[in-house]
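Chains, contacts and geometry: an overview
Spelled out from the first residue to the last, the chains are:
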Amino acid sequence: MFINPFPPTLADIGSGAQLHPVMATVVMEQISRLFINVQQIRQIPRFLEVRFPTLPCTLKDCDVPRVFREPYIFSGYRPLHQKWRYYFLTLFQRHNEAVSVWTHLVAAFIILMKFKQFSEVVDFLRDPQSQPLFIILLSSFIYLSCSAVAHLLCAKSELSHYTFFFLDYVGVAVYQYGSALVHFYYAIEVEWHSLVRGIFLPMAAFLAWLSCAGCCYGKYKSHQLPKTIRKLCQVVPSGLAYILDISPVIHRIYHCHLIQQCDEAVVYHKYQVLFFLVSAYFFSYPHPEKWFPGKCDFIGQGHQIFHVFLVLCTVAQIEAVRLDFMTRRSVYHQLHGDSVYDFSALFVFMMCCSIMTAFYFRNKVRIKLSSKKEQ
């Protein structure tokens, strides 16, 4: 029996050839399925509209309470007292916090990718000397995640605004101690270690907590203190913490220049110092929005630039620490021995103290807001 492998053409049909009834049925079924698929595709916009409803428009600064307003930012504020779902969906909305959210959210995923990459060559479970490396990865992820969450959800209410930024300050404190730990453990030179070994990490833990407490206090009193005093409460403790935390790196860079021999890790350490100084400038001064009021409401704010350079600082720091971990084991093992467990315990203690401090100030804010409502 001969079967024609080629289906009838339009010419054949036009010349009088007839389709077999079974083939005609198959063709009609395919056409009906295609029609159904087209109908389903046409329903996608309506489905998205139901699942992801149109978000309320953003507001001007005069339409939100004073605590939400940022200097020289005149629009792009989100309305208060919406459902939590709305604030999560604003991740995909254009508002004046969107860039701040995405910069640290993307960076948090980069840190997760770094952790996966390191875990393929580093035994975090069985190698005690890798614990500081694990802590800097963890603390970096914590501060980036806390920052992203704070900027995303802070517009819910006044209490939420304070709560999430207090959480952000806990993340900063955790990262400060994590940075101090890896610099002291992996990057330090013998000479500097002999000078600071008894006080470095306890002082680093205290200054990290003080940074959290100062930032929380400055935020809590933000509209009762002069702007300069509020900035001092936030910047001075963090500045002191950074000076101590980075001192092993600065000494290492200076020592390498003296002997005129710099390894690859030192190059990354230089980058992290440079990026941090640039980020500190944009954190301290509202530039460029001060030069162009109302022009940087959605993109170009100094705080957004601060986020970007802080991420670059963190990535450069982690790469430098990785290189130190891989190439300087004989040095740091001789200097620290088995004391890594004490260092890790101090990290947990400092984090707990910072969390309790944040809750303390949150409770004070809650009482203050409750009394304001009663009045």
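An unreviewed UniProt entry lists the protein chain under the name MPRAB protein, with Polypterus senegalus as the source organism. Turning to the protein chain, the UniProt record has this under Subcellular location (unreviewed entry): "Cell membrane". Under the UniProt heading Sequence similarities (unreviewed entry), the note attached to the protein chain is "Belongs to the ADIPOR family."

So, on to the overall build of the protein chain. Scanning the protein chain from terminus to terminus reveals 13 helices and two strands. Within the protein chain, residue pairs in contact and separated by at least 24 positions form 72% of the contacts whose partners lie at least 6 positions apart. Approximately 21000 Å² of the protein chain is accessible, and the part contributed by carbon and sulfur atoms is 67%.

Now for the UniProt feature "binding site: Zn(2+)" (unreviewed entry) in the protein chain. Residues annotated by UniProt as "binding site: Zn(2+)" (unreviewed entry) correspond here to His151, His303 and His307. The named residues occupy 157 residues along the chain; their greatest pairwise C-alpha distance, 11.6 Å, places them in one compact cluster. Within the element layout of this structure, His303 appears in helix H11 (residues 302-327). Those residues in contact with His303, other than ones at most four positions away along the chain, are Ser100, His151, Phe282 and Phe283. Here His307 shows up in helix H11.

Here the focus is unusual backbone geometry. Following His287, the chain continues to Pro288 via a peptide bond in cis, the omega torsion being 10°. Looking at the secondary structure, you find Pro288 in the loop between helix H10 (264-284) and H11. Positioned with a positive phi, Tyr72 is a non-glycine residue whose angle comes to about 70°. Examined against the element boundaries, Tyr72 turns out to sit in the loop between strand S1 (59-60) and strand S2 (75-77). Its identity as a non-glycine residue notwithstanding, His81 has a phi of 60°, on the positive side. Structurally, His81 can be placed in the loop between S2 and helix H3 (84-89). A residue is classified by how much of its surface remains accessible, and His81, at 62% relative accessible area, is exposed.

A separate point is the UniProt feature "transmembrane region" (unreviewed entry) in the protein chain. UniProt records the feature "transmembrane region" (unreviewed entry) for residues 133-154, 166-187, 199-220, 266-284 and 343-361 in the present numbering. Between the C-alpha atoms that bound residues 166-187 there is a distance of 31 Å. The span itself is 100% helix and 0% strand. The span residues 343-361 shows a helical share of 100% and a strand share of 0%, and its end C-alpha atoms are spaced 27 Å apart.

Okay, the packing of helix H8 (residues 200-220) against helix H9 (residues 227-259) next. As a packed pair, H8 and H9 sit with axes 8 Å apart at the nearest point and diverge in direction by 160°. It follows from the interaxial angle that H8 and H9 lie roughly antiparallel. Viewed along their axes, H8 and H9 form a crossing whose handedness is left-handed. Across from Phe200, Met203, Ala204, Leu207, Leu210, Ser211, Gly214, Cys215, Tyr217, Gly218 and Lys219 in H8, the residues of H9 making contact are Arg230, Cys233, Gln234, Pro237, Ser238, Leu240, Ala241, Leu244, Asp245, Ser247 and Pro248. A per-class count over the contact of H8 with H9 returns 13 nonpolar, six polar and three charged.

Parameters at a glance
- Every chain begins its residue count from 1, and numbering advances along the sequence as written.
- In view of the model being predicted, local features appear only for residues whose pLDDT reaches at least 70, and side-chain atom pairs are presented and counted only at 80 or more, with totals across whole chains, interfaces and linings using the full set of residues.
- Excluded from the side-chain calculation are hydrogens and water; included are all heavy atoms of the structure.
- UniProt positions are given in the numbering used here, feature names are shortened, and annotations may be inferred rather than shown by experiment.
- What counts as a helix is a DSSP run of H or I of at least four residues, what counts as a strand is a run of E of at least two, and both are numbered from the N terminus.
- Residues count as neighbours in contact if any of their non-hydrogen atoms are within 4.5 Å of one another.
- Each accessible area is a Shrake-Rupley estimate made with a 1.4 Å probe; only the visible protein chains count as cover when residues are assessed.
- Exposure is judged per residue with a 1.4 Å probe applied to protein chains only, and the accessible area is read against the type maximum: over 50% gives exposed, under 20% gives buried, and values in between give partly exposed.
- Fitted lines through C-alpha atoms serve as axes, helices being fitted only where they are in contact, and the angles separating the N-to-C directions of these axes extend from 0 to 180 degrees.
- By definition in this entry, angles of less than 35 degrees are roughly parallel, angles greater than 145 are roughly antiparallel, angles of 65 to 115 are roughly perpendicular, and the rest are oblique.
- Whether a crossing is left-handed or right-handed is set by the direction in which the near helix is turned from the far one by less than a right angle, anticlockwise for left-handed and clockwise for right-handed.
- Polar here means any residue outside two lists: the nonpolar Ala, Val, Leu, Ile, Met, Phe, Trp, Tyr, Cys and Pro, and the charged Asp, Glu, Lys and Arg; Gly therefore counts as polar.

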